Amino acid sequence: MKAIISLNSGSSSIKFALFTLDGANNPALSAGGKVERIGIAPSLRVRSADGDILLERVWPDGASLTHAELLKDISAWAAEHLGDREVIAIGHRVVHGGTEFAAPRLVDDAVLDALEKLNPLAPLHQPHNLAAIRAIAQLRPKLLQVACFDTAFHHDKPAVAARLPLPRAFHEQGVRRYGFHGLSYEYIARRLSEIDPVLAAGRVIAAHLGNGASLCAMHAGKSIDSTMGFTALDGLMMGTRCGAIDPGVVLHLQTQLGMSPADIEDLLYRKSGLLGVSGISSDMRTLSASGGPEAEEAIELFCWRAAREAGGLIASLSGLDAFVFTAGIGENHADVRHRICGRLAWAGLRIDEATNRDSALRISTPDSPVAILVIPTDEERMIALHTLQVIRKDPS
Ligand code: AMP
């Protein structure tokens, strides 16, 4: 039996999933895990497909443990867990594929070099995504590695949604709207077509609301617009990212307040959003539990901005048939869903409070003009599916 590993390596976390392949090469989840708090006190938890805990490990004094060292540990555990099942490839989430990478790709040195040039466009993610590829190449030089891009799902969106209103030369240089969270949206489009093919063929907004947050407008399962643009900083308010702000604010920070580009980057990517407005935490659960006025203001702003941006995407779609919530907040936070849908009642979203409380699959009332659903995302499975496709085409 063979196996595939999906890897999503971020700045402070590494998520991974092991899939075994049956005779028809369908991936079946064998185990999934996450290392969190890298750089502080890393902890690792691995669960089986049934949710049983297979491994828990904490490194209380592990602040100096690098991603590469942790990947070595994960790799050793994976080999032990998989036994005689041979790992035939590793698929990686890579946030930015730029203009060049419109589909998943087998990684070689030239591809890695091209992707490295995109680091400044996704400073929170891209360097960590690529460092994981390099670390695995050191550990297992012969193993096939596939890069799966968050931008790829949005690559063929209408030209009008890709252009920024800047002089044309910038667009040619790649300063354009890309869109992110594409692996999540592609998975949602697939699941929706299994759950309700008629809805999937229509006009859908998917809301990926997690630490990173964005909305995607899809028509017939294809991305036609998204709230994220040139970088994953655009659009919605997020855990620590500000989302869309007047670009004049950035000029003000630099010219009037004398902030350096590095300080501005740190402010906009790491100190803003829920964390900045609440002054308490970037974590929605913590804010909800806190109940203080600043936390409440942060939650309300998050929902207001999500509804406001959704209004823009409804215009891009010329209407709406379904709204899908996904990711940590979207899948679990009934009050946030209630608030966002309440602000979109004008557009035909009628939420059913009982099914919403239970995070059921369908949370709209039977007479709601727009169907509202909660669909758990699975970026790791999407990565595994892409990886399989790529190595079947190009088995080297
Ligand atoms: P993600 O980036 O998709 O892992 O999502 C992280 C966000 O989801 C954080 O703001 C969490 O507080 C939030 N979240 C995760 N689980 C829950 C839950 N059960 N209830 C409310 N919020 C949650």
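Being a predicted model, the structure only gives us computed values, none of them experimental. (Residues numbered from 1 in each chain as written. Predicted model: local features only at pLDDT ≥ 70, side-chain atom pairs only at ≥ 80, totals over all residues. Heavy atoms only, no water.)

K.L.:
I keep staring at the overall build of the protein and nothing clicks. Help me out?
P.N.:
For the protein, the count of helices and strands is 16 helices and 13 strands. For 396 residues, the compact-globule estimate of 2.2 N^0.38 gives 21 Å, and the C-alpha radius of gyration of the protein, at 21 Å, lies within 12% of that figure. In terms of overall dimensions, the protein has C-alpha extents of about 55 × 55 × 45 Å along its principal axes. Relative to its 396 residues, the protein shows a buried fraction of 51%. Across the protein, contacts joining residues at least 24 apart in sequence account for 62% of those joining residues at least 6 apart. Of the side-chain charges in the protein, 39 are positive and 45 negative, and the distance between the mean point of each set is 3 Å. (Helix = DSSP H or I, 4+ residues; strand = E, 2+ residues; numbered from the N terminus. Rg over C-alpha atoms; globule rule 2.2 N^0.38 Å. Buried < 20%, exposed > 50% of the residue type's maximum accessible area, 1.4 Å probe, protein only. Contact = heavy atoms within 4.5 Å. Lys, Arg positive; Asp, Glu negative; His and termini not counted. Charge placed at Lys NZ, Arg CZ, Asp CG, Glu CD.)

K.L.:
Looking at this structure, how should I read the side chain of Asp225?
P.N.:
Its place among the elements puts Asp225 in strand β11 (residues 222–226). Classification of Asp225 as buried rests on a relative accessible area of 10%. Here Asp225 is in contact with Lys157, Ala161, Arg177, Leu215, Cys216, Ala217, Leu313 and Ser316, once residues within four sequence places are set aside.

K.L.:
Would you explain the packing of aromatic side chains in this entry?
P.N.:
How two aromatic rings sit relative to each other is given by the distance of their centres and the angle of their planes. According to the stated counting rule, one finds 3 aromatic pairs in the structure shown. Ring geometry for Phe323 versus Phe325: centroids 4.9 Å apart, planes at 55 degrees, classification tilted. (Phe/Tyr/Trp six-rings, centres within 6.5 Å; stacked < 30°, edge-to-face > 60°.)

K.L.:
Just checking my understanding: could you explain helix α12 (residues 293–317) for this structure?
P.N.:
The α-helix advances 3.6 residues per turn, and as a result positions three or four apart in sequence lie on the same side. Given a rise of 1.5 Å per residue, 25 residues ought to cover 36 Å, and the 36 Å separating the end C-alpha atoms of α12 matches this to within 8%. When α12 is considered as a whole, its buried residues turn out to be Ala295, Ala298, Ile299, Phe302, Cys303, Arg305, Ala306, Ala307, Ala310, Leu313, Ile314 and Leu317. A positive phi of about 55 degrees marks Ser318, the residue just after α12. (Expected span 1.5 Å × (residues − 1).)

K.L.:
How should the pairing of strand β5 (residues 53–58) be read in this particular structure?
P.N.:
As a general feature of sheets, a regular strand has side chains that alternate between the two faces. Summarising the sheet, strand β4 (residues 43–48) and β5 pair through 5 bridges and their orientation is antiparallel. By the bridge assignment for β5, Arg47 is matched with Ile53. Connecting β4 to the antiparallel partner β5 that follows it, the hairpin turn spans 4 residues, and Gly51 within it adopts a positive phi of roughly 95 degrees. (Pairing = 2+ DSSP bridges.)

K.L.:
For this particular structure, what's the right way to read the sheet that holds strand β10 (residues 213–219)?
P.N.:
The pairing of strands in a sheet comes from backbone hydrogen bonds and takes either a parallel or an antiparallel form. Spatial strand order, β11-β10-β9-β12-β13: 5 strands in an open sheet with mixed pairing. On the outer flanks of this sheet lie β11 and β13 (371–374), each paired with one strand and no other. Each neighbouring strand pair of the sheet contributes to a mean axis angle of 25 degrees, computed without reference to strand direction. Relative to strand β12 (residues 322–326), strand β9 (residues 203–209) is paired through 5 bridges, and the arrangement is parallel. (Axes fitted to C-alpha atoms, helices over the stretch in contact; angles between N-to-C directions.)

K.L.:
What should I look at first to understand the pairing of β11 in this one?
P.N.:
Of all 5 residues making up β11, 4 are buried, and the element is well covered by its neighbours. Pairing of β10 with β11, which is carried by 4 bridges, proceeds in the antiparallel orientation. Looking across to β11, one finds that Met218 is bridged to Ser223. The hairpin formed by β10 and β11 contains 2 residues between the paired strands, and Ala220 there has a positive phi angle of roughly 50 degrees.

K.L.:
Is there a simple way to think about unusual backbone geometry in this case?
P.N.:
In terms of backbone geometry, most residues other than glycine have negative phi values and most peptide bonds are trans. The phi dihedral of Ala220 is positive, around 50 degrees, even though this residue is not glycine. The phi torsion at Ser359 lies on the positive side, around 50 degrees, for a residue other than glycine. Along the chain, the position of Ser359 falls in the loop between α15 (353–357) and β13.

K.L.:
Whenever I open this one, the packing of helix α2 (residues 109–116) against helix α3 (residues 126–139) confuses me. Can you help?
P.N.:
Two measures define how a pair of helices packs: the angle their axes make with one another and the distance between the axes. Where α2 meets α3, the axes come as close as 10 Å, and the angle between the chain directions of the two elements is 160 degrees. Between α2 and α3, the angle falls in the class roughly antiparallel. At the point where α2 passes α3, the crossing takes the left-handed sense. Here α2 contributes Leu112, Asp113, Leu115 and Glu116 to the contact with α3, which in turn contributes Gln126, Leu130, Ile133 and Arg134. (Parallel < 35°, antiparallel > 145°, perpendicular 65-115°, else oblique. Left-handed = near helix turned anticlockwise from the far one by under 90°.)

K.L.:
Is there a simple way to explain a nonpolar patch on the surface in this structure?
P.N.:
A surface patch of nonpolar side chains, amounting to about 230 Å² of accessible area, comprises Val277, Leu301 and Trp304. Residue class for Trp304 comes out partly exposed when judged on its relative accessible area of 38%. (Patch = residues over 30% accessible without salt bridge, like charges linked within 9 Å, V, L, I, M, F, W, Y side chains within 5 Å. Areas by Shrake-Rupley, 256 points an atom, 1.4 Å probe, with all protein chains shown as cover. Salt bridge = Lys/Arg side-chain N within 4 Å of Asp/Glu carboxyl O.)

K.L.:
Explain the UniProt feature "binding site: substrate" (unreviewed entry) in the protein to me, please; I cannot follow it from the model alone.
P.N.:
Feature annotation in UniProt places "binding site: substrate" (unreviewed entry) on Arg93, given in this structure's numbering. With respect to the element layout, Arg93 can be found in strand β6 (residues 86–94). (UniProt positions renumbered as here; feature names shortened; annotations may be inferred.)

K.L.:
Is there a simple way to explain the packing of α12 against helix α14 (residues 334–343) in this structure?
P.N.:
In contact at an axis separation of 9 Å, α12 and α14 are set at 45 degrees when each is read in the N-to-C sense. One element, α12, and the other, α14, form an angle in the oblique class. Between α12 and α14 lies a crossing of right-handed hand. Residues Glu296, Ile299, Glu300, Phe302, Cys303, Trp304, Ala306 and Ala307 of α12 lie in contact with α14, whose contacting residues are Val336, Arg339, Ile340 and Arg343. A per-class count over the contact of α12 with α14 returns 8 nonpolar, no polar and 4 charged. (Nonpolar A, V, L, I, M, F, W, Y, C, P; charged D, E, K, R; others polar.)

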